[in-house]
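Residues per chain, in single letters:
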Amino acid sequence: MRGSAIHSVEDARQIAKRRLPWMVFDYIDGAAGRETGAARDRAALDQITLRPLILRDVSQRSLATTLFGAPAQRPFGIAPMAMCNLAAPGADLMLARLAARYEIPHGISTIATTPMEELIEAAEGHAWFQLYFSGDGSGTFKLVERAKDAGFETLVLTADVPELGRRSRELRHGFKIPFRLGPRQMIDFALHPRWSLTTLRAGRPDMANFHKPGFRFDRRESRGRATWDTLARLRDVWPGKLVVKGVLDLSDATRLQAAGVDAIQVSTHGARQLEAAPAAISTLAEFRAALGPDFPLFYDSGLRGGEDVLKALVTGADFTFFGRALLYGIAAAGEDGLQQVWDALTAELSTAMALTGVTDLSKVRSQ
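Not measured: the values here are computed from a predicted model.

Peer 1: Before we go on, may I ask you to explain the overall build of the protein chain in this structure?
Peer 2: Secondary structure assignment for the protein chain yields 14 helices and ten strands. A compact globule built from 367 residues would reach a C-alpha radius of gyration of about 21 Å, and the protein chain, at 20 Å, matches this within 12%. Expressed as lengths along the three principal axes of its C-alpha atoms, the size of the protein chain is roughly 60 × 50 × 40 Å. Taking the intrachain contacts of the protein chain between residues at least 6 apart in sequence as the baseline, contacts between residues at least 24 apart amount to 73%.

As C-alpha cells, this is what we get:
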C-alpha cells in the first residue's frame, strides 16, 4: 500500500503500523492500561449522530473560522505531541509548515524533538507553546520566559499529568526517553530497516528544548507539585493567551474561567493518562452550558475524521485538535502522507457539512 492509497486516518495508521518499529508505533498509538479509556472516547464519538438536512443550498461552504480573533483556514489544528521525530526525521518541521499553510495552531510540546525557536519560525508564527510543570517549577518558568522571548503569544498548560500514566505497551517494550537500547530494541529496529536507517542518518530524536545550558527535563520527574497558586503565578507572568488543557471536571472548568484563563481544552490526553476517565466528548455540552456561549472551548481526544470534528463543534467546541492521526500520515509517507491525511480530514468535514446543511461554521451550533 503506497502513500497514494491514503484516503483516511485508518489507511495511514495501517501503513504506519507496518513501517514503524513496534516500540515506536506503540508509543504513538498506545493508551493507558488496558486502553478501555481510548475505546470509551471512540465509542462516545460514535454514539453522536448528525441529522441530514435536505434542499438547502450548500454549494458554497467555508471551512474557515477564527481563533482568538485571528483567521484559521480549518476548525482543527495540531495538538502538542512529544517526540514527533520518532515518526520520521523532520516530522516537527513538517507539522510546522502545515500550520503555516493553513494558518492553524501548531502545539509545540515541551519535549519536542526540534527547538521551539526553529518551529515557531517554520510555522510563521502559527505556533502555541505547550508547557509541562515539573519538579519545583524553576525550570518550568524558565521555559515560559524562553517561549515569550521566542515570540509565542499563546501558552498551553497541560494540567492533567501530575504523574505519567502507565501505558502497558510502552512498559512491555522498555520504552524510555532518551532511548535505552538492549537486545529486544535492537531486534525491533533491525526488522524495520527503512525507519532505522533514515533515523540513524538524521540522528537519534531527543528533547531538543533542553540542549541549551541550564535547561533540563526528566520525563519521570514528578509533575505533581502544580497547584492553583501555580496557575495564578503563570497568569501573572504570561502576557498572552493562556489555555489550560486536560480538563474534564465541571468544577475545575468554572474555576479556571474565574481564574482568568483565556480558553479551556477538553481532553483525556488521548486516553494516555487515567484509563477510567470519562469520554472527553461527554463533558462538552455541560461545559458549554456552564461557561456561556462565548467562552473559548477547545477539544481533542479520539478524533479520527472530519465527521468527528463536526460532532465536536455541534456539541459545543469552538476548535478541535488532531494528534496521533497526523503522525500516522508522516510515518506512512512523510510530508506527502501528512498532506494526504489533512486533505482527507478536510474532504470528510466538507462532505459532512453539505449533508447536514451547514455552510458556515460560525453558525453550526444554531443549525
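Now that the structure has been shown, the text picks up again.
Peer 1: Would you mind going over unusual backbone geometry with me for this structure?
Peer 2: Peptide bonds are mostly trans, and most non-glycine residues show a negative phi. With a phi angle near 70°, Glu35 is a residue other than glycine that sits in the positive phi range. Position of Glu35 among the secondary structure elements: in the loop between α2 (22-29) and α3 (36-47).

Peer 1: Hey, could you run me through the nonpolar core in this one?
Peer 2: Ranked by internal contacts, the top residues of the largest apolar core, which has 111 residues, are Leu95, Phe129, Phe152, Ile264, Tyr299, Leu326 and Ile330. Among the elements that take part in this core, helix α14 (residues 324-355) stands out by supplying 14 residues, more than any other. Discounting chain neighbours no more than four positions away, the residues touching Leu326 are Ile78, Leu95, Leu338, Val341, Trp342 and Leu345.

Peer 1: Can you walk me through the pattern of salt bridges in this structure?
Peer 2: Opposite charge on two side chains lets them pair, provided their charged atoms get close. Inspection of the entire model under this criterion finds 17 salt bridges. Put simply, Glu10 and Arg13 hold a salt bridge, and the shortest N to O gap is 3.6 Å. Of this pair, Glu10 and Arg13 both sit in helix α1 (residues 9-19), three residues apart, which is roughly one turn of that helix. Under the relative-accessibility criterion, Glu10 is labelled partly exposed at 42%. It is possible to trace a salt-bridge network through shared partners that takes in Glu10, Arg13, Asp26, Asp29, Glu35 and Arg169.

Peer 1: Explain the packing of helix α6 (residues 138-150) against helix α10 (residues 228-237) to me, please; I cannot follow it from the model alone.
Peer 2: How two helices pack is summed up by the angle between their axes together with the distance between the axes. Relative orientation of the contacting elements α6 and α10 amounts to 25°, with a least axis distance of 11 Å. On the basis of the axis angle, α6 is roughly parallel to α10. Judged by the twist between their axes, the crossing of α6 over α10 is right-handed. Note on element contacts: α10 touches α6 through Thr230, Arg233, Leu234 and Val237, opposite Phe141, Val144 and Lys148.

Peer 1: Can you help me understand the pairing of strand β5 (residues 127-131) in this one?
Peer 2: With five of five residues buried, β5 lies mostly within the body of the structure. Taking every second residue as pointing to the same face, both faces of β5 are buried, with Ala127, Phe129 and Leu131 on one and Trp128 and Gln130 on the other. Of the pairings in the sheet, the one linking strand β4 (residues 106-108) to β5 comprises three bridges and is parallel in character. Paired with Gly107 across the two strands is Trp128, which belongs to β5. Both β5 and strand β6 (residues 154-158) contribute to a ladder of three bridges, which runs parallel. Directly across from Leu131, in β6, lies its bridge partner Leu157. What joins β5 to β6 is α6, and the crossover it makes is right-handed.

Peer 1: I keep staring at the environment of Arg13 and nothing clicks. Help me out?
Peer 2: Separated by 74 residues in the primary sequence, Arg13 and Ala87 place their C-alpha atoms 11 Å from one another. What Arg13 contacts, discounting residues up to four positions off in sequence, is Phe25, Asp29 and Tyr328. Within the structure, Arg13 has its side chain in polar contact with the side chain of Asp29 (distance 2.9 Å).

Peer 1: What is the right way to read empty space enclosed by the protein from this model?
Peer 2: Over the atoms rolls a probe the size of a water molecule, and in doing so it shows where empty space is left. Counted by the stated rule, this structure contains one cavity of 30 Å³ or more. One number sums up the size of the largest cavity: a volume of about 490 Å³. If you list the elements that add at least two residues to the lining of the largest cavity, you get α2, β10 (319-322) and α14. Residues belonging to the lining of the largest cavity are distributed by class as follows: 14 nonpolar, nine polar and eight charged.

Peer 1: I'm lost on the pairing of strand β7 (residues 241-247) in this one. Help?
Peer 2: The side chains of a regular strand alternate, residue by residue, between the two faces of the sheet. Most of β7 sits inside the fold, with six of its seven residues counted as buried. Sheet topology places β6 next to β7; five bridges connect them, and they run parallel. Within β7, the residue paired with Leu157 across the bridge is Val244. The pairing of β7 with strand β8 (residues 263-266) spans four bridges and is classified as parallel. Across the sheet, the residue bridging to Val244 is Ile264, located in β8. For the segment spanning β7, helix α11 (residues 250-258) and β8, crossover handedness is right-handed.

Reading the values: rules and limits
- Residues numbered from 1 in each chain as written.
- Predicted model: local features only at pLDDT ≥ 70, side-chain atom pairs only at ≥ 80, totals over all residues.
- Heavy atoms only, no water.
- Helix = DSSP H or I, 4+ residues; strand = E, 2+ residues; numbered from the N terminus.
- Rg over C-alpha atoms; globule rule 2.2 N^0.38 Å.
- Contact = heavy atoms within 4.5 Å.
- Core = buried A, V, L, I, M, F, W, Y, C linked by side-chain atoms within 4.5 Å.
- Buried < 20%, exposed > 50% of the residue type's maximum accessible area, 1.4 Å probe, protein only.
- Salt bridge = Lys/Arg side-chain N within 4 Å of Asp/Glu carboxyl O.
- Axes fitted to C-alpha atoms, helices over the stretch in contact; angles between N-to-C directions.
- Parallel < 35°, antiparallel > 145°, perpendicular 65-115°, else oblique.
- Left-handed = near helix turned anticlockwise from the far one by under 90°.
- Pairing = 2+ DSSP bridges.
- Right-handed = clockwise from strand over helix to strand, strands pointing away.
- Polar contact = N/O pair within 3.5 Å; in protein donor to acceptor, adjacent residues only side chain to side chain.
- 1 Å grid on protein atoms, 1.4 Å probe; cavity = no way out; pocket = protein on both sides within 12 Å on 5 of 7 lines; lining within 4 Å.
- Points joined across faces, edges and corners; volume = space filled by probe spheres on them.
- Nonpolar A, V, L, I, M, F, W, Y, C, P; charged D, E, K, R; others polar.

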